[in-house]
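Close look at the chain arrangement
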Amino acid sequence: MDWSKWIRQLHRWLSIIFTATVVANFAAMAMGPPPAWIVYSPLIPLFLLLFSGLYMFVLPYAARWRGGPTRERTGSA
Ligand code: HEM
């Protein structure tokens, strides 16, 4: 598995973890004021999502700058 596929998988799973922490926030709030660690827990996966997402965003541009093959040129997924 190449590096960019690995990052995409990481981003996909981080999004699930992030969603779970947001749901946990709503669940905890229904039971009264939640503890600070629950309130701030989405920030960890969100922060990692930001970097893996930005990496994926620049990938096609970086391939073009380097003059290498892009997904559009090769037609591969
Ligand atoms: C925080 C800033 C974020 C940035 C900069 C970002 C950026 C990106 C980019 C560039 C892609 C690839 C799109 C493509 O196929 O060309 C992507 C895919 C995706 N993002 Fe994000 N994202 C962010 C946050 C999130 C969040 C908060 C979620 C959901 C909770 C999320 C869920 C996903 C999913 C499920 C995919 C598809 C992954 C796959 O193809 O397997 N992202 N994101």
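Residues numbered from 1 in each chain as written. Predicted model: local features only at pLDDT ≥ 70, side-chain atom pairs only at ≥ 80, totals over all residues. Heavy atoms only, no water.

**Side note on the site of the ligand**
- Neighbouring residues of the ligand: R8, H11, R12, S15, F18, T19, L49, L50, G53, L54, M56 and F57.
- One of the side-chain N or O atoms of H11 is found 2.8 Å from a nitrogen atom in the ligand.
- Looking at the shell around the ligand, the elements that each hand over two or more residues are α1 (3-30) and α3 (43-65).
- When grouped by side-chain class, the residues that make up the shell around the ligand number six nonpolar, four polar and two charged. (Near = heavy atom within 4 Å. Polar contact = N/O pair within 3.5 Å; in protein donor to acceptor, adjacent residues only side chain to side chain. Helix = DSSP H or I, 4+ residues; strand = E, 2+ residues; numbered from the N terminus. Nonpolar A, V, L, I, M, F, W, Y, C, P; charged D, E, K, R; others polar.)

**Concerning the environment of A30**
- Along the chain, the position of A30 falls in helix α1.
- Looking at A30, the relative accessible area reads 70%, which means it is exposed.
- Sequence separation between A30 and F18 is twelve residues, and the spatial gap between their C-alpha atoms is 19 Å. (Buried < 20%, exposed > 50% of the residue type's maximum accessible area, 1.4 Å probe, protein only.)

**What about a nonpolar patch on the surface?**
- Taken together, the side chains of V39, Y40, L43 and L46 present a nonpolar region at the surface, about 370 Å² in accessible area.
- Counting residues per element, the ones that place at least two in the nonpolar patch are α2 (36-40) and α3.
- With respect to the helices, strands and loops of the structure, V39 is situated in helix α2.
- Taking relative accessible area as the criterion, V39 reaches 33% and is therefore assigned partly exposed. (Patch = residues over 30% accessible without salt bridge, like charges linked within 9 Å, V, L, I, M, F, W, Y side chains within 5 Å. Areas by Shrake-Rupley, 256 points an atom, 1.4 Å probe, with all protein chains shown as cover. Salt bridge = Lys/Arg side-chain N within 4 Å of Asp/Glu carboxyl O.)

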